[in-house]
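Here is what each chain is made of, one letter per residue.
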Amino acid sequence: MNERWSRALRTAGVTTLALVALGALACLVVRDQISRHRRNLFSPHALRRVAALGHMAGEQASIDNLNLLRDFIAREPKPLLRSRAQAIVRRMEKEAPLA
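Cut-offs and rules
Residues numbered from 1 in each chain as written. Predicted model: local features only at pLDDT ≥ 70, side-chain atom pairs only at ≥ 80, totals over all residues. Heavy atoms only, no water. Helix = DSSP H or I, 4+ residues; strand = E, 2+ residues; numbered from the N terminus. Expected span 1.5 Å × (residues − 1). Buried < 20%, exposed > 50% of the residue type's maximum accessible area, 1.4 Å probe, protein only. Arc of directions from axis to C-beta. Contact = heavy atoms within 4.5 Å. Salt bridge = Lys/Arg side-chain N within 4 Å of Asp/Glu carboxyl O. Polar contact = N/O pair within 3.5 Å; in protein donor to acceptor, adjacent residues only side chain to side chain. Axes fitted to C-alpha atoms, helices over the stretch in contact; angles between N-to-C directions. Parallel < 35°, antiparallel > 145°, perpendicular 65-115°, else oblique. Nonpolar A, V, L, I, M, F, W, Y, C, P; charged D, E, K, R; others polar.

### A short note on helix 3 (residues 63–75)
- When the terminal C-alpha atoms of helix 3 are compared, their 18 Å separation across 13 residues agrees well with the 18 Å that a helix rising 1.5 Å per residue should span.
- If you check which residues of helix 3 are buried, you get Asn65, Leu66, Leu69, Phe72 and Ile73. One face of helix 3 carries all of its buried residues, which in axial projection span an arc of 125 degrees. Turned more than 90 degrees off the buried face of helix 3, the exposed positions are Asp64, Ala74 and Arg75.
- Looking at the buried positions of helix 3, the neighbouring elements they touch are helix 2 (46–57) and helix 4 (79–95).

Shown next, in the form of structure tokens:
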């Protein structure tokens, strides 16, 4: 009985460590993709546009950024990305009502 518990705990520990390592690797891959493609707002690839929106969300409000995002909203075919950009524009407009 004691040996069974030991083996079960060891298996659970190894499985947990493997899942944590896999999760960390996935986070690193996503972070790499975001940093690599964060300025591709008009890319044909949706993941690159998502990364670019993430980058724009951290930018300061400026007339250039607002105009860029408004142009993006006008051209973006995916409703989810359009709504994300609209939320960023609303936030920027509250920060500094420039335009």
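And the narrative resumes.
### Considerations on the pattern of salt bridges
- According to the stated counting rule, one finds four salt bridges in the structure shown.
- Here Arg70 ties to Glu93 by a salt bridge, and the two come within 2.5 Å at their closest N and O atoms. One end of the pair, Arg70, is in helix 3; the other, Glu93, is in helix 4, and 23 residues separate them in sequence.
- By relative accessible area, which is 30% here, Arg70 ends up partly exposed.
- Residue Glu93 is classed as partly exposed on the basis of its relative accessible area, which comes to 31%.
- Arg91 is paired through a salt bridge with Glu95; the nearest N and O atoms lie 2.6 Å apart. Here Glu95 and Arg91 lie together in helix 4, a separation of four residues that amounts to about one turn.

### Observations concerning the side chain of Asn65
- Take Asn65: it is sitting in helix 3.
- Separated by 2.9 Å, the side chain of Asn65 and the backbone oxygen of Gln60 make a polar contact.
- Excluding residues within four positions of it along the chain, Asn65 makes contact with Met56, Glu59, Gln60 and Met92.

### Describing the side chain of Glu76
- With respect to the element layout, Glu76 can be found in the loop between helix 3 and helix 4.
- At 2.7 Å, the side chain of Glu76 and the side chain of Arg49 are in polar contact.
- For Glu76, the contacting residues outside a window of four places in its chain are Arg49, Leu81 and Arg82.

### Section: the packing of helix 2 against helix 4
- Where helix 2 meets helix 4, the axes come as close as 10 Å, and the angle between the chain directions of the two elements is 10 degrees. Classified by the angle their axes make, helix 2 and helix 4 are roughly parallel. Note on element contacts: helix 4 touches helix 2 through Leu81, Arg84, Ala85, Ile88, Arg91 and Met92, opposite Ala46, Arg49, Val50, Leu53, Met56 and Ala57.
- For the contact of helix 2 with helix 4, a count of residues per class yields nine nonpolar, no polar and three charged.

### As for the environment of Met92
- On the secondary structure map, Met92 appears in helix 4.
- For Met92 and Gln60, which are 32 residues apart along the polypeptide, the C-alpha to C-alpha distance reads 7.4 Å.

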